[in-house]
Amino acid sequence: MMDHQAPVRYANAGGVSIAYRVMGTGPLDVVWVPGLASNLEIDFESPPFDRLMQRLASFSRLMLFDKRGMGLSDRNVGAPTLEERIDDVRAVMDAVGSDRAALIGVSEGGPMSILFAATYPQRTVALVLYGTLARARGDVDSPHGNEAAFAELYRIFDDGWGTGESLRMFAPSLLGNVRIREWWGRVERTAGSPHTMRAFLDTLAGIDVRAVLSTVSVPTLVLHATDDVCIPIGNGRWLADHIRGARFIELPGEHITGYVGDRFADEVESFLTGRRHAVATDRVLSTVLFSDIVGSTEQAAAVGDRRWREVLDQHDAVVSRQIDIHRGKHVKATGDGVLATFDGPARAITCGCELRDSLRLLGIDVRVGLHTGEIELRGEDIGGIAVHIGARIAALANAGEVLVSRTVTDLVAGSGIEFADHGIHQLKGVPGDWQLFAVTST
């Protein structure tokens, strides 16, 4: 989770206070230039965003900030011009003691980053642009404008801002996920009011840095998501075609989902450092699967030890095969069950269902519990609260049921896997209420 040794500080940009945070101690300075909406505290409540920032900070000294008028920076200063936003970046770099840095300009932060790199090449190591454009409105010389997207955003500012409605533009596939939409509504509300956001969009609509592109002399990487409906991918290709020596990479996903995955971080690290660095860690995000044979004691007593041993051998063979098929890791046996981990929750769910179905053919009923969270690697074993949660969920499952946490359902949104609400539960030794779901179809 978030580096709690990275407190929010303030830089002075011509009398305006700019909130910033520094993460990591790597040899390369990197400035993350945010898009339309940001808040240095609320943003980190998103595990994917948090993981991305931790990844970038693993090879750099990463600077993040809220632009003037937004988030934790001074409000009521109006929508900043590109020139003023450049001053914000310079102020943060000066406060940190950074002479030169690579800029990662996301969405609305792209044009400002382009202008900064062209204006201050001596302070710019490299330029990374994601999901951005040179000019918002299209014409003959810039044919990839998206007036329809702007019209939709204005509508959202007038009727829906603060409810997560802007996911319709930034990540449509997540719009139906209630939990994510609630969190995104907080991002919207804490970034700025509808009036503030409309003013920012008015400024963005008038931006045109096309004339600057030919003067960018620093190494440049342009990344864009295939299914970006807010800023169509043609804008990214056009930028790469008009910045000398720029490299273009197409990423899967939508405007937001395209940059929180491993591929984005891999490409950025490779471009900025010349290598793809696997971060050494003893804590990783994983989906934990627990299974348990229902009524094992009674069955063992009924058939005798020898026959029960044969049943367990058959059980173990089926379990091992299914875990291998679904790219899981068999951690250990747990009495009459198993503990396994997976790097993808959808594969874990499918494994749990097929494991259950295969064992049923042998006359064995199992209950399965799944949870996704951060685990501790302890040699060949694992630990951490996520493991305890997974065990508690499995204990609440009925015979033949694959039961999962709300976290798991959120992460597989759009996969086609279907669930039935299993109600709110208290998990022994785990604080809070937990909403659980039974898998009904994969």
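Residues numbered from 1 in each chain as written. Predicted model: local features only at pLDDT ≥ 70, side-chain atom pairs only at ≥ 80, totals over all residues. Heavy atoms only, no water.

Participant: Any details on the overall build of the protein chain? Residues and values, ideally.
Facilitator: Of regular secondary structure, the protein chain possesses 14 helices and 16 strands. Considering only C-alpha atoms, the protein chain reaches an extent of 80 × 45 × 40 Å along its principal axes. Across the 442 residues that make up the protein chain, the buried fraction comes to 53%. Across the protein chain, the fraction of contacts at a sequence separation of at least 24, relative to all contacts at a separation of at least 6, is 70%. (Helix = DSSP H or I, 4+ residues; strand = E, 2+ residues; numbered from the N terminus. Buried < 20%, exposed > 50% of the residue type's maximum accessible area, 1.4 Å probe, protein only. Contact = heavy atoms within 4.5 Å.)

Participant: Talk me through the state of the cysteines; I want residue IDs and the actual numbers.
Facilitator: All told, the structure shown has zero disulfides when counted by the stated rule. C351 takes part in no disulfide bond, and the closest cysteine sulfur, belonging to C353, lies 9.3 Å away. Using a relative accessible area of 0% as the deciding quantity, one classes C351 as buried. (Disulfide = S-S within 2.5 Å.)

Participant: Just give me the short version of the side chain of H425, but keep the residues and values in it.
Facilitator: By the secondary structure assignment, H425 is in strand 15 (residues 418-426). At 2.8 Å, the side chain of H425 forms a polar contact with the backbone oxygen of H422. (Polar contact = N/O pair within 3.5 Å; in protein donor to acceptor, adjacent residues only side chain to side chain.)

Participant: Account for the sheet that holds strand 3 (residues 28-33), naming residues and giving values.
Facilitator: Backbone-to-backbone hydrogen bonds pair the strands of a sheet. The strands run either parallel or antiparallel. As summarised here, the arrangement of the eight strands in space is 1-2-4-3-5-6-7-8, forming an open sheet in which the pairing is mixed. Strands with a single pairing partner mark the edges of an open sheet, and in this sheet they are strand 1 (9-13) and strand 8 (247-251). Across the sheet, the mean angle from the axis of one strand to that of its neighbour is 25°, orientation sign disregarded. The pairing of strand 7 (residues 220-225) with strand 8 spans five bridges and is parallel. Considered in strand 8, the bridge of V222 is made with F248. (Pairing = 2+ DSSP bridges. Axes fitted to C-alpha atoms, helices over the stretch in contact; angles between N-to-C directions.)

Participant: An account of the pairing of strand 2 (residues 16-23) is needed here, citing residue identities and associated values.
Facilitator: In terms of residue burial, strand 2 counts as a mostly covered element, since six of its eight residues are buried. In sequence, strand 1 turns back onto strand 2 through a hairpin of two residues, with G14 there showing a positive phi of about 60°. Judged from the four bridges that link them, strand 2 and strand 4 (residues 60-65) form a sheet pairing that is antiparallel. Pairing of R21 across the sheet is with L64, part of strand 4.

Participant: Would you mind going over the packing of aromatic side chains in detail, with residue names and values included?
Facilitator: Evaluation of the coordinates by the stated rule reveals eleven aromatic pairs. Where W32 meets F49, the ring centres are 6.2 Å apart and the plane angle is 80°; that geometry is what we call edge-to-face. Of this pair, W32 sits in strand 3 while F49 sits in helix 1 (residues 47-57); the two residues are 17 residues apart in sequence, bridging distant segments of the chain. Here the two residues W32 and F49 agree in accessibility, since each one is buried. With centroids separated by 5.8 Å and ring planes inclined at 55°, the aromatic side chains of W32 and Y259 adopt a geometry described as tilted. On the criterion of sequence distance, the pair formed by W32 in strand 3 and Y259 in the loop between strand 8 and helix 9 (262-273) is long-range, its members being 227 residues apart. Every member of this aromatic cluster is reached through a ring pair, and the members are W32, F44, F49, Y130, Y259 and F264. (Phe/Tyr/Trp six-rings, centres within 6.5 Å; stacked < 30°, edge-to-face > 60°.)

Participant: Quick rundown of the environment of D410? Include the residues and the values.
Facilitator: With respect to the element layout, D410 can be found in helix 14 (residues 406-411). Residue D410 is classed as buried on the basis of its relative accessible area, which comes to 11%. Between the C-alpha atoms of D410 and P345, which are 65 residues apart in sequence, the distance is 9.9 Å. In this structure D410 touches N177, R179 and I180, once residues within four positions along its chain are discounted. Within the local environment of D410, its side chain forms a polar contact with the side chain of N177, the two groups lying 3.3 Å apart.

Participant: Give me the confidence of the model for the protein chain: which residues, what numbers.
Facilitator: Close reading of the predicted structure is inappropriate where its pLDDT is low. Residues of the protein chain with pLDDT of at least 70 account for 95%, and the chain-wide mean is 88. Counting interchain partners and residues more than four positions distant, the pLDDT-below-50 stretch residues 277-281 has six contacts. (pLDDT = per-residue confidence, 0-100.)

Participant: Residues and numbers for the packing of helix 10 (residues 296-303) against helix 11 (residues 305-325), please.
Facilitator: Each pair of packed helices can be described by the angle between their axes along with the distance between the axes. For the pair helix 10 and helix 11, interaxial distance at closest approach is 6 Å and the crossing angle is 130°. As summarised for this structure, helix 10 and helix 11 are arranged oblique, according to the angle between their axes. Relative to helix 11, the crossing made by helix 10 is right-handed. Across the interface between the two elements, S296, Q299, A300 and V303 of helix 10 pack against D305, R307 and W308 of helix 11. For the contact of helix 10 with helix 11, the per-class residue count stands at three nonpolar, two polar and two charged. (Parallel < 35°, antiparallel > 145°, perpendicular 65-115°, else oblique. Left-handed = near helix turned anticlockwise from the far one by under 90°. Nonpolar A, V, L, I, M, F, W, Y, C, P; charged D, E, K, R; others polar.)

Participant: With reference to specific residues and values, describe the side chain of S286.
Facilitator: For S286, the location among the structural elements is in strand 9 (residues 283-293). For S286, a relative accessible area of 8% translates into the label buried. Not counting chain neighbours up to four residues away, the residues in contact with S286 comprise T341, F342, H371, T372, G373 and I375.

Participant: I'd like to hear about the pattern of salt bridges, residue by residue, with values.
Facilitator: The final tally for this structure, using the stated rule, is 28 salt bridges. Across the salt bridge formed by D29 and R61, the nearest N and O atoms sit 2.8 Å from each other. Taken together, the residues span a long stretch of sequence, with D29 in strand 3 and R61 in strand 4 at a distance of 32 residues. In this structure D29 comes out as buried when scored by relative accessible area, which is 10%. Taking the relative accessible area as the measure of exposure, R61 reaches 22% and is therefore partly exposed. Its salt-bridge partner being K332, residue D381 comes within 3.3 Å of it at the nearest N-O pair. With a gap of 49 residues between them, D381 in strand 13 (residues 381-383) and K332 in strand 10 (residues 329-333) connect regions that are remote in the sequence. (Salt bridge = Lys/Arg side-chain N within 4 Å of Asp/Glu carboxyl O.)

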